[in-house]
Amino acid sequence: MTTITDNAIATPRRAVRDEMIALAVMTALLAVVPLTGVYPFFVMQGLCFALLACAFNLLIGYGGLLSFGHAMFLGTAGYVTAHALKVWGLPPELGIVLGTLAAASLGVLTGLVAIRRQGIYFAMITLALSQLLYFVYLQTPFTHGEDGIQGIPQGHLFGFINLANPNTLYYVILAGFLLGFLVIYRAINSPFGEVLKAIRENEPRAVSLGYKTDHYKLLAYILSATLAGFAGSLKVFVAQNASLTDVHWTMSGEIVLMTLVGGLGTIYGPVVGAFVIIAMQQYLAGFGQWVTVIQGVIFVVCVLTFRRGVIGEIAHYFKRSL
Amino acid sequence: MADDFILETHGLTKEFAGFFAVRDVNLRVRRGSIHALIGPNGAGKTTCFNLLTKFLRPSAGQILYKGQDITAMPPADVARLGLVRSFQISAVFPHLTALENVRVALQRQHGHSFDFWRAKSVLDRYNDRANELLADVGLSEFSNTPAVEMPYGRKRALEIATTLALDPEMMLLDEPMAGMGHEDIDKIAALIKRISAKYTILMVEHNLSVVANLSDIITVLTRGRVLAEGNYADLTQDERVKEAYLGAGHG
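The structure displayed is predicted, hence computed values, not measured ones. (Residues numbered from 1 in each chain as written. Chains lettered and ligands numbered in written order. Predicted model: local features only at pLDDT ≥ 70, side-chain atom pairs only at ≥ 80, totals over all residues.)

## Digging into the overall build of chain B
So, point 1. Scanning chain B from N- to C-terminus turns up nine helices and eleven strands.
So, point 2. For 251 residues, the compact-globule formula gives about 18 Å, and the C-alpha radius of gyration of chain B, at 19 Å, lands near that figure.
So, point 3. In terms of its C-alpha atoms, chain B occupies a principal-axis envelope of roughly 65 × 40 × 40 Å.
So, point 4. For chain B, the residues scored as buried account for 46% of the 251 residues in total.
So, point 5. Within chain B, counting contacts between residues at least 6 apart in sequence, those at least 24 apart form 66% of the total. (Helix = DSSP H or I, 4+ residues; strand = E, 2+ residues; numbered from the N terminus. Rg over C-alpha atoms; globule rule 2.2 N^0.38 Å. Buried ≥ 20, exposed ≤ 12 C-beta atoms within 10 Å, placed from the backbone. Contact = placed C-beta atoms within 7 Å.)

Okay, structure coming up:
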């Protein structure tokens, strides 16, 4: 009996320490990227997708809700930020704020509808809503349809940080990613996060304890949408365009894939998963259309052999939380 | 005096596509008592229970809790009034520790539950109270054990501790002894007896010896209707009850 209790007592503290070490390692690795000669554009893109996957993971991994429409937040924020920068000529910081707010508002609206259903129905509603939005963006003039918004000026952040400099841009994107990541980390480890976990574990019991579970799920959904939007706004500065690809349902699918490959419900899994998928697309680009097939195979292998994802399996093996 | 009854139902009915699972049930639970709801399989006990806890919506009838009509109230609101249920399948949060399980219940009453920007450590202020509650049900040593790793009987005790954390006035226990061994049954029975000094308890239970030992009053359901009501000694003499349990023409 004592051994069980001893182990158990150690767990929560040890977990926090492990996570902090992992955070330090990740930050250090990412901080030295510009010195290594790794293509920074690739890493910046990876960071945006990593944040996106982390936001998605907050919803499914901790709230138990599978959204199949997260591309709509990425794309919406991207379009709004792009439009604000290019057409209205707003400074970068305002562009990011507007884009993120747009995604948050969209989160409130779609959340109120989607949260009423669970499981597959929730996934289908989010997919339907994102498809609806896709066709809106296809038709409205401000998105320039198939062409997208091109040649977006990067400008000066806060008036003095020149985002046209690749190294500067890299550290700004990294800072943005870390900010988003820490917000998610805190949300998971907050009083709210505890209730969210309780709801995921046993919703009827949470209801019987007096929790109005829909309110908590809605807040998780809105948080997730907002952070996914933040990722979308950051991505505009990297890609310098906003296009239909980012609102397409295949993007929503890729987000699911990144999270699953990395490890659902783990803190660092989505980051690893995002880089794995982006790297695959990068290095397999020569295979053209076959990339999709290869991705499909990897997805199947992943689900069949290491269901917990890369980080999930490592964490399970070492009995740690990561 | 109507005040003596904490929970009352009037003509409670639940119909599933022409089948009456519960029909015209008038139940009155006296404040401070242990009231048992028994009956053979399919008598409508669990349906009745789910109606009372609002997990099912009645087709007809009324439910009064402390004189207030709660028939149309959502389940979370009913819990907030102090009428808290347990579940047939042991209802814990499996991957939270015993302490965290109880804390989730404490946390609801004291706010912070929507605070996603605060560190979890603000919840540490509930640790003392949570440990007290765990000690109350004999779970001190399991405080930091994930619920999933606890023996079955202990999960039940944990569930009761979690329910007590809400400081309810009345507890609805759905088959508290289901799937338990003798030793656990005795422990939980003693626990229920002890907490009944402070709370009103309505329980659905199959184990008749438990019912006999614990209950002040017993309502027997068959085919969705109330067949008889009384204490155990009276009911064992009742021909209708014998018939319902043992089959027509017996004895």
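More follows now that the structure is in view.
## Considering the sheet that holds strand β7 (residues 83-85) of chain B
Residues and elements named next belong to chain B.
So, point 1. What the six strands build is an open sheet, ordered β7-β8-β9-β4-β10-β11; its pairing is mixed. Both edges of this open sheet fall to β7 and β11 (225-230), since each of them pairs with a single strand only. Each neighbouring strand pair of the sheet contributes to a mean axis angle of 20°, computed without reference to strand direction.
So, point 2. As defined by bridge partners, strand β4 (residues 34-38) adjoins strand β10 (residues 217-222) across four bridges and the pair is classed as parallel. Across the sheet, residue Leu37 finds its bridge partner in β10, namely Thr219. (Pairing = 2+ DSSP bridges. Axes fitted to C-alpha atoms, helices over the stretch in contact; angles between N-to-C directions.)

## Examining the pairing of strand β5 (residues 60-65) of chain B
Residues and elements named next belong to chain B.
So, point 1. Pairing of strand β1 (residues 5-16) with β5 involves five bridges; the strand directions are antiparallel. Residue pairing in the sheet places Thr13 in a bridge with Ala60 of β5.
So, point 2. Relative to strand β6 (residues 68-69), β5 runs antiparallel, the two being bridged by two bridges. Directly across from Tyr65, in β6, lies its bridge partner Gln68.

## Looking at the environment of Leu227 of chain B
Residues and elements named next belong to chain B.
So, point 1. Looking at the element boundaries, Leu227 is found in strand β11.
So, point 2. Assessed through the 20 C-beta atoms surrounding it within 10 Å, Leu227 is described here as buried.
So, point 3. Residues Leu227 and Ala161, spaced 66 residues apart in sequence, show a C-alpha to C-alpha distance of 33 Å.
So, point 4. Residues contacting Leu227, with those up to four places away along its chain left out, are Val220, Leu221, Thr222, Arg240, Val241 and Ala244.

## Description of the confidence of the model for chain B
Residues and elements named next belong to chain B.
So, point 1. A residue-level look at chain B finds 96% of positions with pLDDT of 70 or above and a mean pLDDT of 87.
So, point 2. The element-level mean pLDDT for chain B is lowest in helix α9 (residues 239-246), coming to 79, with β5 highest at 93.
So, point 3. Predicted complex metrics record ipTM = 0.80 and pTM = 0.85. (pLDDT = per-residue confidence, 0-100.)

## A look at the nonpolar core
Most often, soluble globular proteins have nonpolar side chains that are buried together.
So, point 1. Membership of the largest hydrophobic core comes to 175 residues, with the highest contact counts inside it found for Leu51 and Leu52 of chain A together with Ala161 of chain B.
So, point 2. Setting aside its immediate chain neighbours within four residues, Leu51 of chain A contacts Phe177, Gly180, Phe181, Leu227, Phe230 and Ala231 of chain A. (Core = buried A, V, L, I, M, F, W, Y, C linked by C-beta atoms within 7 Å.)

## Thoughts on helix α4 (residues 127-136) of chain B
Since one α-helical turn is 3.6 residues long, residues separated by three or four positions face the same way.
Residues and elements named next belong to chain B.
So, point 1. Listed as buried for α4 are Ala130, Leu133 and Leu134. All buried residues of α4 fall inside an arc of 100° around its axis, so they share one side.
So, point 2. The elements touched by buried residues of α4 are α3 (98-109) and α5 (152-165).
So, point 3. Count one or two residues on from α4 and you reach Gly138, which has phi positive near 75°. (Arc of directions from axis to C-beta.)

## Looking at the packing of α3 of chain B against α4 of chain B
All names here are of chain B.
So, point 1. At a minimum axis separation of 9 Å, α3 and α4 run at an interaxial angle of 115°. One finds that α3 runs roughly perpendicular with respect to α4. Our pair here, α3 against α4, has a crossing hand that is right-handed. Contact residues: α3 offers Ala98, Leu99, Val102, Arg103 and Leu106, while α4 offers Asn127, Arg129, Ala130, Asn131, Leu133 and Leu134.
So, point 2. Classifying every residue of the contact of α3 with α4 by side-chain character gives seven nonpolar, two polar and two charged. (Parallel < 35°, antiparallel > 145°, perpendicular 65-115°, else oblique. Left-handed = near helix turned anticlockwise from the far one by under 90°. Nonpolar A, V, L, I, M, F, W, Y, C, P; charged D, E, K, R; others polar.)

## So, helix α12 (residues 269-283) of chain A
So, point 1. Here α12 of chain A contains 15 residues, and its C-alpha end-to-end distance of 21 Å stays within 8% of the 21 Å for a straight helix at 1.5 Å per residue.
So, point 2. Here α12 of chain A has its buried residues at Gly269, Pro270, Val271, Val272, Gly273, Ala274, Phe275, Ile277 and Ile278 of chain A. (Expected span 1.5 Å × (residues − 1).)

## Considerations on the packing of helix α5 (residues 92-114) of chain A against helix α10 (residues 213-239) of chain A
Helix packing geometry: the angle between the two helix axes and the distance between the axes.
Residue and element names in this part refer to chain A.
So, point 1. Relative orientation of the contacting elements α5 and α10 amounts to 145°, with a least axis distance of 8 Å. Once α5 is placed against α10, the crossing between them reads as right-handed. Between α5, through Pro92, Gly95, Ile96, Gly99, Thr100, Ala102, Ala103, Ala104, Leu106, Gly107, Val108 and Gly111, and α10, the contact on the second element is made entirely by Leu218, Tyr221, Ile222, Ala225, Thr226, Ala228, Gly229, Phe230, Gly232, Ser233 and Phe237.
So, point 2. Residue composition of the contact of α5 with α10, by class: 14 nonpolar, nine polar and no charged.

## Focus on the UniProt feature "transmembrane region" (unreviewed entry) in chain A
All names here are of chain A.
So, point 1. Mapped onto this numbering, the UniProt entry annotates "transmembrane region" (unreviewed entry) at residues 20-42, 49-74, 94-113, 120-137, 168-188, 218-237, 257-280 and 287-306.
So, point 2. Helix makes up 73% of residues 49-74 and strand 0%, with an end-to-end C-alpha separation of 9 Å.
So, point 3. Helix makes up 80% of residues 287-306 and strand 0%, whereas the separation of the span's terminal C-alpha atoms amounts to 25 Å. (UniProt positions renumbered as here; feature names shortened; annotations may be inferred.)

## A short note on the interface of chain A and chain B
So, point 1. Counting residues at the interface gives 28 residues for chain A, matched by 36 residues for chain B.
So, point 2. Of the residues forming the side of chain A that touches chain B, the biggest block, eight residues, is contributed by helix α8 (residues 191-201) of chain A.
So, point 3. Residue composition of the side of chain A that touches chain B, grouped by class: 15 nonpolar, seven polar and six charged.

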